[in-house]
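Understanding the architecture of this molecule
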Amino acid sequence: MKMQSVLIYLGGNGPSNFPASINREEVVKIIAADSGIELAHRHGVKTDVLVGDLDSATQESIELAEKNGAEIIRLNPYKDFTDFEIALIEASKLKPKQLIIIGGGGLRTDHLLANISVLCGEQTKDYFVDIYFVDEFLQVCRANQARTINSKVNTTVSLLPVNGDVEGVSTSGLEWKLNNAKLSASKALGISNILTKTNASVEVNKGTLLIIQQLQEC
């Protein structure tokens, strides 16, 4: 069964190429938030929607998006939501099962932390969330959203509680196995675990966990 996905490009650093692990047949809409359109163009990807105050995207990239058929939603810069949050509102109209985020890493720390906060918060709680940075692949894991990790043996994987402690953490396929454990948001216990199998799993009973794989190329 296909997992209907919406893909969102964000400004900031992202993978040099379109991630091979993404199934394009499952992507029903591609949205760019402001300068995320430039990363989409570098990947050779045509977006369906470009949204934002467009203060970061170049005029050339905006015109190219429009030429390629994208709907342009230009917003007043004096707003209470980030361009990313507006993109999420657009994505929610399709009621997808999965959100795929490309970009958003590096550059400004405030933008990075705000993006992570949104990705792990209430606005995305109904979706499976995957995030592609330059050489990292992130997955959000919540109760009733068990996640599978597919990568090479010896890949470094970190488990980070976000927005509070996470309870009932159980894993398989990792060197330091957890069984119904509690990970505190004020401690770094989940940092730098190691894959012992090419297929590992993580599940939680309460809270939100961010799974971070260190990869050379997603």
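Coordinates for the structure precede this section.
A brief structural summary.

The rules behind the values
Residues numbered from 1 in each chain as written. Predicted model: local features only at pLDDT ≥ 70, side-chain atom pairs only at ≥ 80, totals over all residues. Heavy atoms only, no water. Pairing = 2+ DSSP bridges. Helix = DSSP H or I, 4+ residues; strand = E, 2+ residues; numbered from the N terminus. 1 Å grid on protein atoms, 1.4 Å probe; cavity = no way out; pocket = protein on both sides within 12 Å on 5 of 7 lines; lining within 4 Å. Points joined across faces, edges and corners; volume = space filled by probe spheres on them. Nonpolar A, V, L, I, M, F, W, Y, C, P; charged D, E, K, R; others polar. Salt bridge = Lys/Arg side-chain N within 4 Å of Asp/Glu carboxyl O. Core = buried A, V, L, I, M, F, W, Y, C linked by side-chain atoms within 4.5 Å. Buried < 20%, exposed > 50% of the residue type's maximum accessible area, 1.4 Å probe, protein only. Contact = heavy atoms within 4.5 Å. Polar contact = N/O pair within 3.5 Å; in protein donor to acceptor, adjacent residues only side chain to side chain.

**Digging into the pairing of strand β13 (residues 206–214)**
Pairing analysis gives seven bridges linking strand β7 (residues 136–142) to β13, with the strands arranged antiparallel. Paired with Glu 136 across the two strands is Gln 214, which belongs to β13. As paired strands, strand β9 (residues 156–172) and β13 are joined by seven bridges and run antiparallel to one another. Bridging from a neighbouring strand, Ser 158 pairs with Ile 212 of β13.

**Here we look at the layout of surface pockets**
The space that makes up the largest pocket amounts to roughly 540 Å³. Taken together, 25 residues line the largest pocket, and the ones lying closest to its centre are Asp 34, Ser 56, Thr 82, Asp 83 and His 111. Counting residues per element, the ones that place at least two in the lining of the largest pocket are α3 (83–92) and α4 (109–119). With four residues, the single largest contributor to the lining of the largest pocket is α4. Per-class residue counts for the lining of the largest pocket are eight nonpolar, ten polar and seven charged. When its volume is computed, the second largest pocket comes out at roughly 440 Å³. Forming the boundary of the second largest pocket are 21 residues, of which Ser 21, Asp 130, Tyr 132, Phe 137 and Asn 150 lie nearest the centre.

**What about the pattern of salt bridges?**
Within the structure shown, the criterion is met by four salt bridges. With a shortest N-O distance of 3.4 Å, Lys 125 and Asp 126 are connected by a salt bridge. Of the charged contacts, one joins Lys 182 and Asp 165 as a salt bridge, the two residues approaching to 3.7 Å between their closest N and O atoms. Residue Lys 182 is found in strand β10 (residues 181–183), and its partner Asp 165 is found in strand β9; the two are separated by 17 residues along the sequence.

**Observations concerning the nonpolar core**
Among the nonpolar cores identified, the biggest contains 28 residues, and Ile 8, Ile 31, Phe 84, Ile 131 and Leu 210 are the most heavily contacted of them. Looking at this core element by element, the count peaks at five residues for α3.

**Section: the environment of Thr 124**
In this fold, Thr 124 is placed in the loop between α4 and β6 (128–132). We classify Thr 124 as buried; its relative accessible area is 0%. C-alpha of Thr 124 to C-alpha of Ala 40: the two residues are 84 residues apart in sequence and 22 Å apart in space. Those residues in contact with Thr 124 that lie beyond four places of it in its chain are Leu 88, Leu 99, Val 118, Leu 119, Val 129 and Arg 142. Separated by 3.4 Å, the side chain of Thr 124 and the backbone oxygen of Val 118 make a polar contact.

**Quick look at the pairing of β9**
Side chains on a regular strand alternate between the two faces of the sheet. Pairing of β9 with strand β11 (residues 193–194), which is carried by two bridges, proceeds in the antiparallel orientation. Opposite Thr 156, over in β11, you have Ile 194 as the bridge partner. Both β9 and β10 contribute to a ladder of two bridges, which runs antiparallel. Following the sheet pairing, Val 166 is matched in β10 by Leu 183. Note: β9 against strand β12 (residues 199–203), three bridges, orientation antiparallel. Paired with Thr 171 across the strands is Val 202, a residue of β12.

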